[in-house]
Amino acid sequence: MKLKELFDKYTFDEILPYLKAIEPERGDSMYQFREALDLLKHMEPSKEDCGDVQITWYKDEFDTEGYISVYDLEGVRWEAGLAKEVVVAEDLQLDEKDVAAHCLWSITFWGFGDEPDPEDGWPFDYHRKQKNKYDEALYRIQLSHWKHTTPRKYRSKGSPLYTNAEFCLKRIKESKNRSKRKRDYRVECREKYLEMHSQRENFILKLTRCGAFQREDVDYLHQVDEGQYFPYDSRTWDTSKRIDYILESINKYQDVDFSPYNDAIICLRASSEYPVTEAEKEKLLAGLPESLKAMPIKIGLGTKESMKQEVEMMLFLNIIK
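Residues numbered from 1 in each chain as written. Predicted model: local features only at pLDDT ≥ 70, side-chain atom pairs only at ≥ 80, totals over all residues. Heavy atoms only, no water.

(A) Here's a closer look at the state of the cysteines. As enumerated under the stated definition, the model contains 0 disulfides in all. No disulfide involves C210; its sulfur sits 4.0 Å from that of C267, the nearest cysteine. (Disulfide = S-S within 2.5 Å.)

Below, the structure written as C-alpha cells:
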C-alpha cells in the first residue's frame, strides 16, 4: 500500500490515539499533526518510483526497550514520501492506524509543512541571514568567542563558527580553569539573552510587516516575563470553513492551560484576494475557550499572500507581572 493510500484510509481522529502514545508530551501541539495530515491528503504523490518506507523494530545494545523505526521518510519531499510503498516487517504486528501514526510522525520530523515559511526558512538552515539587531549581536559574540577559543588550524576554512570535530572532542575532555569556565558562562548567558530577544523581535516584525499592528502596539513583547507562541493554519480549501477549522484545533485538538497567562495577542493573516472579514474575526473571538476569552486580547488582521484561501492565526500568550 502506498503511503498516500494509507493516509486517505483513516481520519485524524482514528490516528490520534496512536499519535498520543508516540508523543505523550505534545498535547499542546497535537493539532499540528492534523494540519499536516489534511495537507498530505490534499496533495498528489509523485509519479516517479520513490522506493519504500520500511517499518521495523529497532533495538541495539544501548536500548533497554527498543522502538518502532520508520526508515526513509524524514526530510524527504512530501510528494515523494506519499508515493512510497509502506512495508512493515513480518515479525511486527501493528494496526494499520498505528503504522499511519508512525509515518505521520516521521514525515513531519522537520516541520508540519512541505515548504518552509519564507519568513523562517528551513529549521536546519545554519547560514540564514541575520534578521535583526539581536541576531547581529549574537553572531558577533559567537564569532568573537569562537576566535578566542579555537586555534587557527582547527577552524573550518570559509565557514565561521565551524570547528574541527577532533578539537571539539578534545575541549570537552580537557579540564578548564576557573577563569575559562566563568568566561564561557558569561558568553552562554549573553547568548541566551540575545536569542530570546531575537525571537521576540522576529515576532514583532511578523505582526507589524503584515499590517496587523503598529510597532508601538506590540513592542512590549520585549518586556514580558514569560510567553508562549502557537501557530495555526487552516486546511480547508473553503473560505467558509477556515475559522471553524482553527477553532476546532484550539478546542478539540489542543490541551493548554491558559489560566497562568494574563495577556494575549492574536494575528489573523490571509491573502489579499481572500482577506479575513470582520464577521470571521467576531466568530473566532466568540468561539475561543472561556479561559482565553477571560484575558485581554489584542487582535489584528494582516496579509500573507502565500495563504491563498486559507487563514493563518498566530497566538501569543504572555505573563506580565
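(B) View of the sheet that holds strand β4 (residues 226–233). With respect to topology, 4 strands assemble into an open sheet ordered β4-β7-β5-β6, the strand pairing being mixed. Of all the strands in the sheet, just β4 and β6 (297–303) have a single pairing partner and so form its edges. The sheet shows a mean angle of 15° between the axes of neighbouring strands, taken without regard to direction. Contacting β4, β5 (263–270) and β7 (312–319), helix α10 (residues 242–251) crosses the sheet at an angle of about 135° to β4. Helix α11 (residues 278–287) rests against β5, β6 and β7 of the sheet, and its axis sits at about 145° to β6. (Pairing = 2+ DSSP bridges. Helix = DSSP H or I, 4+ residues; strand = E, 2+ residues; numbered from the N terminus. Axes fitted to C-alpha atoms, helices over the stretch in contact; angles between N-to-C directions. Contact = heavy atoms within 4.5 Å.)

(C) Main features of the packing of aromatic side chains. In total, this model carries 9 aromatic pairs according to the counting rule given. Between the aromatic rings of F33 and F112, the centroid separation amounts to 5.0 Å while the plane-to-plane angle is 85°, which identifies the pairing as edge-to-face. Within this pair, whereas F33 is found in helix α3 (residues 31–42), its partner F112 is found in the loop between α5 (96–107) and α6 (133–149), the two being separated by 79 residues in sequence. What links up through ring pairs into an aromatic cluster is the set W105, F109 and W110. Residue placement shows R34 over the ring face of Y245; its charged tip is 3.8 Å from the ring centre. The ring of W146 carries the charged tip of R155 above its face, separated from the ring centre by 5.4 Å. (Phe/Tyr/Trp six-rings, centres within 6.5 Å; stacked < 30°, edge-to-face > 60°. Lys NZ or Arg CZ within 6 Å of the ring centre and 35° of its normal.)

(D) Layout of the pattern of salt bridges. Applying the stated rule across the entire model yields 20 salt bridges. Ionic pairing is found between K4 and D8, a salt bridge with its closest N-O pair at 3.7 Å. Here the residue K4 and the residue D8 both occupy positions in helix α1 (residues 3–9), the gap between them amounting to 4 residues, near one helical turn. Given a relative accessible area of 12%, K4 falls into the buried group. For D8, a relative accessible area of 40% gives the class partly exposed. E312 is the salt-bridge partner of R269, the closest N and O atoms lying 2.6 Å from each other. On the criterion of sequence distance, the pair formed by R269 in strand β5 and E312 in strand β7 is long-range, its members being 43 residues apart. (Salt bridge = Lys/Arg side-chain N within 4 Å of Asp/Glu carboxyl O. Buried < 20%, exposed > 50% of the residue type's maximum accessible area, 1.4 Å probe, protein only.)

(E) Unusual backbone geometry, seen in detail. One non-glycine residue, D72, lies in positive phi territory at about 80°. Along the chain, D72 turns up in the loop between β2 (67–71) and α4 (78–82). If you check the backbone angles, W237 has positive phi at about 55° while not being a glycine. Secondary-structure assignment places W237 in the loop between β4 and α10. What makes W237 partly exposed here is its relative accessible area of 31%.

(F) Region of the structure containing the environment of G300. Following the sequence through the fold, G300 ends up in strand β6. Residue classification places G300 among the buried residues on the basis of a relative accessible area of 4%. Sequence separation between G300 and Q214 is 86 residues; the distance between their C-alpha atoms is 9.7 Å. Among all residues touching G300, those that are not within four sequence positions of it are A212, F213, I266, C267 and L268.

(G) Spatial organisation of the sheet that holds β2. The 3 strands are arranged β2-β1-β3 in an open sheet whose pairing can be described as mixed. The open sheet is flanked by β2 and β3 (85–88), the only strands paired with a single partner. Shown here is a sheet whose adjacent strand axes are inclined to one another by a mean of 20°, direction ignored. Both strand β1 (residues 52–58) and β3 contribute to a ladder of 4 bridges, which runs parallel. Counterpart to Q54 in the pairing with β3 is V87.

(H) Seen up close, α3. The end-to-end C-alpha distance of α3 is 17 Å, a good match for the 16 Å that 12 residues give at a rise of 1.5 Å each. Most of α3 sits out of view: 9 of its 12 residues are buried. Every buried residue of α3 is accounted for by Y31, Q32, F33, R34, E35, A36, L37, L39 and L40. Residues of α3 that are buried in the fold lie against α1, α2 (12–22), α4, α5, β4 and α10. (Expected span 1.5 Å × (residues − 1).)

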